[in-house]
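Analysis of the macromolecular model
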Amino acid sequence: MKDLRELPIKIFADGADLKEMLAIYKTGVVKGFTTNPSLMKKAGVSDYKTFAQNVLKQIKDCSVSFEVFADKFEKMEREADVLAGLAPNVYVKIPVTNTKGVSSVPLIRKLSEKGYHLNITAIFTLKQVQEVVDALDSNTENIVSVFAGRIADTGVNAADLMKKASAICKKKPRIQLLWASCREFYNILEAVETGCSIITVPNNILTKRVNYGKDLSEYSLETVCGFYEDASKLGFSIL
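In this report, the structure presented in the accompanying data block is examined. Here the structure is a predicted model, which means the values were calculated and not measured. (Residues numbered from 1 in each chain as written. Predicted model: local features only at pLDDT ≥ 70, side-chain atom pairs only at ≥ 80, totals over all residues. Heavy atoms only, no water.)

1. A word on the overall build of the chain
Of the regular secondary structure elements, the chain holds eleven helices and eight strands. Reported as C-alpha extents along the three principal axes, the dimensions of the chain are approximately 70 × 40 × 35 Å. Residue burial in the chain is summarised as follows: out of 239 residues, 44% are buried. Excluding contacts between residues fewer than 6 apart, the proportion of contacts in the chain whose partners are at least 24 apart in sequence is 65%. Carbon and sulfur atoms make up 54% of the accessible area of the chain, which totals about 12900 Å². Here the chain contributes 32 positive and 28 negative side-chain charges, whose respective centroids are spaced 4 Å apart. (Helix = DSSP H or I, 4+ residues; strand = E, 2+ residues; numbered from the N terminus. Buried < 20%, exposed > 50% of the residue type's maximum accessible area, 1.4 Å probe, protein only. Contact = heavy atoms within 4.5 Å. Areas by Shrake-Rupley, 256 points an atom, 1.4 Å probe, with all protein chains shown as cover. Lys, Arg positive; Asp, Glu negative; His and termini not counted. Charge placed at Lys NZ, Arg CZ, Asp CG, Glu CD.)

Rendered as structure tokens:
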């Protein structure tokens with residue numbers, strides 16, 4: 001089995017279950033964590049600030065992204081102030097627009113000038129990438145999260161778009177391009193090829209790392225044996 005840690009990309013885990021986050025953290029494979037409101041809802045998080053504080057008490061040496069909840073930019077800013085103050089390894093996630101489709105760029109520029117580490121999320125277009133990169137401070141490390149998986153779901157060549165996004169992000173060396181909404185294990189290798197610095201990988205896909213580098217003939221035999229074993233357990237007879 002090849003070691004994912006040898007790839008020139010940082011793997012982040014996406015989730016909001018503290019027990020799962022800590023289990024993955026201890027493997028040493030992941031270099032950061034991202035969360036979002038949908039994942040928190042799924043995990044049954046009832047107190048956002050307490051959850052964040054509990055995570056940060058135990059994960060101190062890699063970045064953790066926490067997203068603002070508000071839709072009005074004034075409240076987003078106040079939420080960002082709170083989140084950024086929780087710990088130095090916090091990256092504040094700001095959606096690229098609010099629900100009205102109004103660009104968050106003015107707020108992003110303002111927060112970046114405060115020196116906050118930002119993770120700009122829900123980016124789908126190169127125009128958005130360019131506007132966000134222009135707004136981010138050159139002296140602060142920030143993340144630009146482009147939802148490559150969802151882009152591919154629309155029939156657009158996500159890899160081609162990510163290559164172009166990478167070229168834009170590299171104009172400011174401290175900006176890291178993140179491949180978001182990973183759909184399959186191979187997306188990790190695509191992210192490397194397209195120049196991404198980070199890819200967020202869900203736990204169910206990260207478990208597939210045991211197959212990374214496996215001989216395909218060996219994998220074929222394992223698959224046949226698995227089918228045969230399951231067929232035997234069914235007790236069916238065709239003849």
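2. Remarks on helix α1 (residues 18-27)
Taken residue by residue, α1 has M21, L22 and I24 as its buried positions. One side of α1 holds all its buried residues, which, seen down the axis, span an arc of 165°. Within α1, the exposed residues directed more than 90 degrees away from the buried face are K19 and K26. Against the buried residues of α1 lie β1 (10-14), β2 (32-34), α3 (48-58) and α10 (203-206). At the N-terminal boundary of α1, the capping side chain belongs to D17, with an oxygen 3.1 Å from the backbone nitrogen of K19. Looking one or two places after α1, you find G28, whose phi comes out positive at around 80°. (Arc of directions from axis to C-beta. Polar contact = N/O pair within 3.5 Å; in protein donor to acceptor, adjacent residues only side chain to side chain.)

3. Concerning the nonpolar core
Of all hydrophobic cores here, the largest spans 68 residues; its most connected members are I11, F66, I94, V144, V146 and I199. When neighbours within four sequence positions are excluded, I199 is seen to be in contact with I9, K10, I11, F12, W179, C182, N187, I188 and A191. The next biggest cluster of nonpolar side chains, apart from the first, holds seven residues, and it includes F12, I143, L178 and I198. (Core = buried A, V, L, I, M, F, W, Y, C linked by side-chain atoms within 4.5 Å.)

4. Description of the sheet that holds strand β5 (residues 118-123)
Spatial ordering of the closed barrel is given by β1-β2-β3-β4-β5-β6-β7-β8, a layout of eight strands whose pairing is parallel. With direction set aside, neighbouring strand axes in the sheet form an average angle of 30°. The strands touched by helix α4 (residues 73-84) within the sheet are β3 (63-67) and β4 (90-95), with β4 carrying the most contacts at an inclination of about 165°. (Pairing = 2+ DSSP bridges. Axes fitted to C-alpha atoms, helices over the stretch in contact; angles between N-to-C directions.)

5. Some thoughts on the packing of aromatic side chains
As enumerated under the stated definition, the model contains six aromatic pairs in all. Here F185 and Y212 contribute two aromatic rings whose centre-to-centre distance is 5.6 Å and whose plane-to-plane angle is 50°, an arrangement assigned as tilted. Placement of the pair is F185 in the loop between β7 (175-179) and α9 (186-193) and Y212 in the loop between α10 and α11 (216-234), with a sequence separation of 27 residues. Accessibility classification places F185 together with Y212 in one group, the buried group. Here K2 stacks its cationic end above the ring of Y212, 5.6 Å away from the centre of that ring. In this structure, K214 is placed above the aromatic ring of Y219, and the distance from its NZ or CZ to the ring centre is 4.7 Å. (Phe/Tyr/Trp six-rings, centres within 6.5 Å; stacked < 30°, edge-to-face > 60°. Lys NZ or Arg CZ within 6 Å of the ring centre and 35° of its normal.)

6. Quick word on helix α6 (residues 126-135)
Residues of α6 that are buried include every one of Q128, V129, V132, V133 and A135, and no others. Angular distribution of buried residues about the axis of α6 spans 160°; they occupy a single face of the element. On its buried face, α6 is in contact with α5 (105-113), β5, β6 (142-146), α8 (158-169) and β7.

7. Re the side chain of E67
Looking at where E67 falls in the secondary structure, it is placed in strand β3. Apart from the residues lying within four places of it in its own chain, the contact partners of E67 are T35, N36, P37, Y48, L83, K93, P95 and T121.

8. Side note on the pattern of salt bridges
Enumeration according to the criterion identifies twelve salt bridges in this entry. K114 is the salt-bridge partner of D81, the closest N and O atoms lying 3.0 Å from each other. Of the two residues, D81 sits in helix α4 while K114 sits in the loop between α5 and β5, which places them 33 residues apart along the sequence. The partner of R174 in a salt bridge is E141, and the shortest N-O contact between them spans 3.7 Å. With R174 in the loop between α8 and β7 and E141 in the loop between α6 and β6, this pair connects stretches of sequence that are 33 residues apart. Judged by relative accessible area, which is 37%, R174 ranks as partly exposed. One network of salt bridges, in which partners are shared, links E77, D81, K110 and K114. (Salt bridge = Lys/Arg side-chain N within 4 Å of Asp/Glu carboxyl O.)

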